[in-house]
Each structure stands twice: as structure tokens, then as C-alpha cells.
Amino acid sequence: VVSTVLAVSGSLRAGSANTGLVRMAARLAPDGLAVTVRDGIDLLPHYNADLDTPDTVPDVCTAWRDDVRAADALFLAVPEYNYGPSGVLKNAIDWLTRPVGEHAIRGKVIAIVTSAGRGGGSRVQPPLVEILGLLGNTMVTEPAIMVAKGNERISSDGSTTDPEIETLVRARLDAIVAALTEQRDGAS
Ligand SMILES: Cc1cc2nc3c(=O)[nH]c(=O)nc-3n(C[C@H](O)[C@H](O)[C@H](O)COP(=O)(O)O)c2cc1C
């Protein structure tokens, strides 16, 4: 069985280390896991409930929801901006949480990683893990990946001068496989 993972960067910077982490995940994907980097969340309009009706919902939003629905797992690389996720990623998540009960981001296995500043982004992940868990997803949090000053060690092309980061990304991808296997076994 090949499981699918959508890998999304929450940074739009050309030299982004978070984009590097999602490309690294695609490069290091183990057998049985197909990791696709999903660009374009910056093209989503700011969430507006008036837009979010069957007649008015923009095609880019429907495509984003469909891509997430089709994936078994998500690998989110989230920069810490003022102790929270970047606005562009928060907005992309908000689009996935409506309509409640039919929202696209449920039943997924989700891993969150961070490259941030000196603190490594220790405050950005816990609230996202809690909220995405409450929305009905299985959160895979170990081993923790909170890279301090990652932009000094991770290139946006997914390469790194620090082999420890690759070891951690590989281990997290393995943890995604294990969670997906458990989910499948539980369902059958
Ligand atoms: C508006 C803004 C706020 C930031 N706030 C934090 C912060 O609260 N904690 C932190 O560790 N780094 C913070 N940083 C640093 C970013 O996390 C850092 O630049 C990170 O590498 C950005 O990810 P990227 O390389 O993928 O673009 C902030 C950066 C910006 C631009």
C-alpha cells in the first residue's frame, strides 16, 4: 500500500528553511510513502464566510480542500511568527476547517515541524497540535523537530549541512507510516 502525504511550507520566502524541510521530506520518503510538495497556499484568499458558499467558493479553495481530502497524511513545516504560525498557513488551515463536520482536515495523520529563530519555535506547535487533534486528526509529534536558526543549516532545495536534521525527518516519516498502519488496522 502506498500512502500519500501532502507536504506544505508555511513560509513564502524563496530561501525558506521550512520549504527546505518539506522538500527534504519528499527526498527522504521511505518506501510506501509518496510525499508531494503542495505549493500555492498564498493564492488562497483570506478566509471570508461570505465567499464560502457553494455558489461563491473560489476554485483555488476547492482545489486546496480536494488535495487535502485526497491525502492520507499532511507534513506541515510551520515558521513561528510572533509565537504563532505564519498568517498564510493559518489562513490555509482555516479554509480546511469549514464546513464543520464536512471539513477536509479530519481523519488525517499530521506531522508538524518548524524551523524558526533562536528559540526553535517551541511555542508554535503545541496549539496547532491541540486544535488539529480536536478537529479529528491523529497528530504525530515525535521525534520533535524544532530547528533553531534553521536557515543557517537548511537550504530551500531540501539539502542540509546537518545530518541530524535528516535523521529526525526520516524518523518522523517512519512515525507517519506507523500511524497510518495503525489507523488502517483499526479500521479493518
Ligand atoms: C514577523 C516575524 C516574526 C517572527 N517571530 C518569531 C518568533 O516568535 N519565534 C522565533 O523563533 N522566530 C521568529 N521569527 C523568525 C522566523 O521564525 C525565522 O525567520 C524562520 O527561519 C522563518 O522561516 P523560513 O526560513 O522558512 O522563512 C520571526 C520572523 C518574522 C518575519
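Criteria and cut-off values
- Residues numbered from 1 in each chain as written.
- Predicted model: local features only at pLDDT ≥ 70, side-chain atom pairs only at ≥ 80, totals over all residues.
- Heavy atoms only, no water.
- Helix = DSSP H or I, 4+ residues; strand = E, 2+ residues; numbered from the N terminus.
- Expected span 1.5 Å × (residues − 1).
- Buried < 20%, exposed > 50% of the residue type's maximum accessible area, 1.4 Å probe, protein only.
- Polar contact = N/O pair within 3.5 Å; in protein donor to acceptor, adjacent residues only side chain to side chain.
- Arc of directions from axis to C-beta.
- Contact = heavy atoms within 4.5 Å.

### Some remarks on helix α5 (residues 163-187)
Thought 1: For α5, which comprises 25 residues, the first-to-last C-alpha distance of 36 Å matches the rise-based estimate of 36 Å (1.5 Å per residue) to within 8%.
Thought 2: Among the residues of α5, those classed as buried are I165, E166, V169, R172, L173, I176, A179 and L180.
Thought 3: Residue D162 occupies the N-cap position of α5, its side-chain oxygen lying 3.0 Å from the main-chain nitrogen of E164.

### Some words on helix α4 (residues 125-134)
Residues separated by three or four positions in an α-helix point in the same direction, a consequence of the helix having 3.6 residues per turn.
Thought 1: Within the sequence span of α4, burial applies to Q125, L128 and L132. Here the buried residues of α4 occupy an arc of 65° about the axis, which is enough to place them on one side. Turned more than 90 degrees away from the buried face of α4, the exposed residues are E130 and L134.
Thought 2: Where α4 is buried, its residues meet β3 (73-77), β5 (84-85), α3 (87-95), β6 (109-116), β7 (138-140) and β8 (146-148).
Thought 3: Among the residues trailing α4, G136 stands out with phi positive, at a value near 105°.

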